[in-house]
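Analysis of the macromolecular model
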Amino acid sequence: MARIEPGVGHKKTAPDADAAHGAEYEWSTVTVNEHRNTTDQTLVTRSTARRRSGRRLGRTVLAVAAVAGLGLAWAGTASAAGTSGARTTPTCSAAALKATFGEQLGGGMNHEGVVIRLRNLSGKTCALRGYPGLGLENSRHKALTSHTHWGDTWYAQDPGRKTLTLKDGESAEAVVAWTHANTGTSGAVRASYLEITPPASTQHKTLAFPEWVDHGDLSVTALAKHITVNH
């Protein structure tokens, strides 16, 4: 009969059980760790995706805000330009005006004068402000020596500088005065034409003006819609 040594069966069985248990424990540990790693990676991936999505959303919001800001800025500029344009009336050019003589003025002490008018024929509204420039020409349209004085004249008080808005067809007027103490004497200028330069213009209108003017001195008021003349 075979001899059985005590504890031999347990020595063979226990290691197998322990190994199986250890293998199961190791597998379970690996499985749990893998699950944790997978979960952690999933969380990291989701967190990264959220951060990236948040960055993209932030960039989109900033881009939209920038475009909106540019649009508002452009609209504000356009509005300001439109408002400025609406409030600004262009100055009447010489080409837009027709010059004519109005009332002829006489009187004692060798004084003489005339009302001049500038009529807007541009087809649109324009503005005038201040005094007209004056000059004398001979029969060949050559400039003669002359001097223009702005302010009160013998016939009218100066209305002062005022901005006059002239619609198409409307006029502004001024009063011109001079003396002719002794026709044909030295110091008197024999004129054939009168140059009238509108304010802020470099071009002039020309009217026939066969007059003797002492020393070439002319006085003129500022332009106004109407000037009261003292006869």
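Above this note sits the structure.
In short, a report on the structure. (Residues numbered from 1 in each chain as written. Predicted model: local features only at pLDDT ≥ 70, side-chain atom pairs only at ≥ 80, totals over all residues. Heavy atoms only, no water.)

1. Topic: the sheet that holds strand E10 (residues 205–214)
Spatial ordering of the open sheet is given by E5-E4-E9-E10, a layout of four strands whose pairing is antiparallel. For this open sheet the edge positions go to strand E5 (143–144) and E10, each flanked by a neighbour on one side alone. One ladder, built from five bridges, connects strand E4 (residues 133–137) with strand E9 (residues 188–197); its direction is antiparallel. Counted as the bridge partner of Leu136 is Leu194 from E9. (Pairing = 2+ DSSP bridges. Helix = DSSP H or I, 4+ residues; strand = E, 2+ residues; numbered from the N terminus.)

2. A word on the state of the cysteines
Here a disulfide denotes one covalent bond, and it connects the sulfur atoms of two cysteines. The full count for this structure, using the stated rule, is one disulfide. With its sulfur 2.0 Å from that of its partner, Cys92 forms a disulfide with Cys126. Handedness here is read from the sign of the S-S torsion; for Cys92 and Cys126, about 95°, the answer is right-handed. One end of the pair, Cys92, is in the loop between helix H1 (8–87) and strand E1 (97–105); the other, Cys126, is in strand E3 (residues 126–129), with 34 residues separating them in the sequence. Of the two residues, Cys92 and Cys126, neither departs from the other in class, the shared state being buried. (Disulfide = S-S within 2.5 Å. Buried < 20%, exposed > 50% of the residue type's maximum accessible area, 1.4 Å probe, protein only.)

3. Description of the environment of Lys205
Looking at where Lys205 falls in the secondary structure, it is placed in strand E10. Taking the C-alpha atoms as reference, Lys205 lies 7.7 Å from Lys98; in sequence the two are 107 residues apart. Beyond its immediate stretch of four places on either side in the chain, Lys205 contacts Ala94, Leu97, Ala99, Leu194, Glu195 and Ile196. A polar contact of 3.1 Å, which involves the side chain of Lys205, links it to the backbone oxygen of Ala94. (Contact = heavy atoms within 4.5 Å. Polar contact = N/O pair within 3.5 Å; in protein donor to acceptor, adjacent residues only side chain to side chain.)

4. Here's the deal with the sheet that holds strand E11 (residues 217–220)
Two strands in a sheet stick together by hydrogen bonds in their backbones, pointing the same way (parallel) or opposite ways (antiparallel). Spatial ordering of the open sheet is given by E1-E2-E8-E11-E6, a layout of five strands whose pairing is mixed. Bordering the open sheet on either side are E1 and strand E6 (147–150), each of which pairs with just one other strand. Across the sheet, the mean angle from the axis of one strand to that of its neighbour is 25°, orientation sign disregarded. Pairing analysis gives nine bridges linking strand E2 (residues 111–120) to strand E8 (residues 171–179), with the strands arranged antiparallel. Bridge pairing in E8 links His111 to Thr179. (Axes fitted to C-alpha atoms, helices over the stretch in contact; angles between N-to-C directions.)

5. Here we look at the environment of Leu207
Residue position: Leu207 is located in strand E10. Take Leu207: its relative accessible area is 15%, and that puts it in the buried class. Residues Leu207 and Glu195 lie 12 residues apart in sequence; the distance between their C-alpha atoms is 6.7 Å. With near-sequence residues (within four places) excluded, Leu207 lies in contact with Ala99, Thr100, Phe101, Ser192, Tyr193, Leu194 and Ile196.

6. So, the environment of Val115
Here Val115 shows up in strand E2. With a relative accessible area of 4%, Val115 lands in the buried category. Once the C-alpha coordinates of Val115 and Glu173 are considered, the two residues, 58 residues apart in sequence, prove to be 6.7 Å apart. Aside from chain neighbours lying at most four places away, what touches Val115 is Thr100, Phe101, Gly102, Glu103, Leu105, Glu173, Ala174, Val175 and Val229.

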